[in-house]
Amino acid sequence: MKIIDKAFLEITNICNLKCSFCHGTKRAPKELTEAEFERLTDALVGQVNYLYFHLMGEPMLHPLLGTFIRRAWEKGFRPMITTNGSLLDAYNQTPLKILPYKISISLHAPAANPAFADPAYWENCITFARDAGSRGCIVALRLWNLESADEQSNTAVLERLHQAFPGEWGKVRGGSSLRLADKLFLEWGKRFAWPDPTATEAAANANVFCYGLRDQLGILSDGTVVPCCLDADGNLALGNLFDTPLQEILDRPRAKAIYDGFTNRRAVESLCRRCGYAKRFEK
């Protein structure tokens, strides 16, 4: 079986914030129990390299996050976390005993949510990043607001980061990130439109490519397998990992059609033709 590089395992679909750029989800609130986490990760052992603890939701809300990180390491995964950073103060007070392989902190403008205007938010993010990096965890501070109205706020963000991490910042190959310090990076990205059934649909013969099912897939908190990390409501449900082996799900006609379609730079699913993120891969 081909190894999937990244699996986005949604340990909770609950978030403490409601940001303007986020699609959100219409699904019922749900967080994985320890037993459910064990079952789903057992089903992924030997088939996935990087295990991301989110799809929707804020993973640092989950009371068993530390346990999940430890168990992921023990099972041979490289655990990954993406957080909005608003809950880092608690982790600064009581640091995780075992850190994930990488933590991405999504830095956003106050226009997206008033929480990001609080000076304590920035100090908590910086304190956490410095501590986690010193303990060997890769930390990425993400500014995914390029070519949007919020980009104008980046000057203040960069000034504060320069104060915290002075010196010459090294440019990382590819130009999409800067090395601020050992294990600590600033990542850039454009604002994108989430796939949505109500969005404008590209033509069926449009040039569309995606890495969904090629190097990533998602598992919602109810066990539903979806092609990528942006299927917020499980519109492209391929099967359920609680009752069906992953390879059997990937061998089903719908999954194979999605994969083969992108091989030929075509989106066979309507939702994929309504995805703004996929535009990043246009030739």
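In what follows, the structure referred to is the one given above.
This structure is a prediction, so every number in the text was calculated from the model and none was measured.

Peptide bonds are trans in most cases, and residues, glycine excluded, mostly fall at negative phi. A positive phi angle, close to 70 degrees, is found at Lys183, a residue other than glycine. You can see Lys183 is positioned in the loop between β7 (177-181) and β8 (184-190). Accessibility expressed as a relative area gives 31% for Lys183, which makes it partly exposed. Even without being a glycine, Leu213 presents a positive backbone phi close to 70 degrees. Along the chain, Leu213 turns up in the loop between β8 and β9 (216-219).

Our focus in this paragraph is the pattern of salt bridges. Following the criterion strictly, the structure yields 16 salt bridges and no others. The partner of Arg274 in a salt bridge is Glu201, with the nearest N and O atoms 2.7 Å apart. With Arg274 in the segment after α7 (253-263) and Glu201 in the loop between β8 and β9, this pair connects stretches of sequence that are 73 residues apart. Between Glu269 and Arg254 there is a salt bridge whose closest N-O contact spans 2.7 Å. With Glu269 in the segment after α7 and Arg254 in helix α7, the pair connects residues that are 15 residues apart, well separated along the chain. The exposure class assigned to Glu269 is buried, which follows from its relative accessible area of 13%. The network of salt bridges with shared partners includes Glu38, Asp42, Arg70, Arg71, Glu74 and Lys75.

When strand β5 (residues 138-146) meets β8, the two strands line up parallel, connected through 6 bridges. Following the sheet pairing, Leu141 is matched in β8 by Leu186. Note: β7 against β8, 4 bridges, orientation antiparallel. In the strand pairing of β8, Leu178 is matched with Leu186. Hairpin geometry of β7 and β8 is characterised by an intervening segment of 2 residues between the two adjacent antiparallel strands and by a positive phi of about 70 degrees at Lys183.

Let us look at the side chain of Thr83. With respect to the helices, strands and loops of the structure, Thr83 is situated in strand β3 (residues 78-83). Side-chain polar atoms of Thr83 contact the side chain of Glu58, separated by 2.9 Å. Dropping the residues within four chain positions of it, Thr83 is found in contact with Glu58, Met60, Ile103, Ser104, Ile105 and Ser106.

Below, the discussion takes up α7. Ala255, Ile258, Gly261 and Phe262 are the residues of α7 that are buried. Taken down its axis, α7 places every buried residue within 130 degrees of arc, on the same side. Each element contacted by the buried residues of α7 is listed here: α6 (246-250). Count one or two residues on from α7 and you reach Arg265, which has phi positive near 55 degrees.

One recurring pattern in soluble globular proteins is that nonpolar side chains are buried together. By size, the foremost hydrophobic cluster in this structure holds 85 residues, and its most contacted members are Phe53 and Leu141. Per-element accounting of this core gives the leading share, 7 residues, to helix α4 (residues 119-134). Excluding residues within four positions of it along the chain, Phe53 makes contact with Leu9, Ile11, Phe37, Pro59, Leu65, Phe68, Ile69, Ala72, Pro79, Met80 and Ile81.

A few words now on the packing of helix α1 (residues 34-42) against helix α2 (residues 65-74). For any two helices packed against each other, the geometry comes down to the angle between their axes and how far apart the axes lie. Axis separation between α1 and α2 bottoms out at 11 Å; the angle between their running directions is 25 degrees. With respect to each other, α1 and α2 are oriented roughly parallel. α2 is crossed by α1, and the crossing has right-handed handedness. For the pair formed by α1 and α2, the contact residues are Glu34, Phe37 and Glu38 on the first element and Thr67, Phe68 and Arg71 on the second. Grouping the amino acids of the contact of α1 with α2 by side-chain chemistry returns 2 nonpolar, 1 polar and 3 charged.

Here strand β4 (residues 102-106) lies mainly inside the structure; 5 of its 5 residues are buried. Because side chains alternate across β4, one face comprises the buried residues Lys102, Ser104 and Ser106, and the other comprises Ile103 and Ile105, equally buried. Across 4 bridges, β3 lies against β4 in parallel orientation. Looking across to β4, one finds that Met80 is bridged to Lys102.

Next up on the list: the packing of aromatic side chains. Taken as a whole and assessed by the stated rule, the structure comprises 7 aromatic pairs. On the numbers, 4.0 Å between centres and 5 degrees between planes, the contact of Phe37 with Phe68 is stacked. In this pair, Phe37 sits in helix α1 while Phe68 sits in helix α2, placing the two residues 31 residues apart along the sequence. Each member of the pair, Phe37 together with Phe68, is buried. An aromatic cluster is present here, built from Phe37, Phe53 and Phe68 joined pairwise through their rings.

Basis of the calculations
- Residues numbered from 1 in each chain as written.
- Predicted model: local features only at pLDDT ≥ 70, side-chain atom pairs only at ≥ 80, totals over all residues.
- Heavy atoms only, no water.
- Helix = DSSP H or I, 4+ residues; strand = E, 2+ residues; numbered from the N terminus.
- Buried < 20%, exposed > 50% of the residue type's maximum accessible area, 1.4 Å probe, protein only.
- Salt bridge = Lys/Arg side-chain N within 4 Å of Asp/Glu carboxyl O.
- Pairing = 2+ DSSP bridges.
- Polar contact = N/O pair within 3.5 Å; in protein donor to acceptor, adjacent residues only side chain to side chain.
- Contact = heavy atoms within 4.5 Å.
- Arc of directions from axis to C-beta.
- Core = buried A, V, L, I, M, F, W, Y, C linked by side-chain atoms within 4.5 Å.
- Axes fitted to C-alpha atoms, helices over the stretch in contact; angles between N-to-C directions.
- Parallel < 35°, antiparallel > 145°, perpendicular 65-115°, else oblique.
- Left-handed = near helix turned anticlockwise from the far one by under 90°.
- Nonpolar A, V, L, I, M, F, W, Y, C, P; charged D, E, K, R; others polar.
- Phe/Tyr/Trp six-rings, centres within 6.5 Å; stacked < 30°, edge-to-face > 60°.

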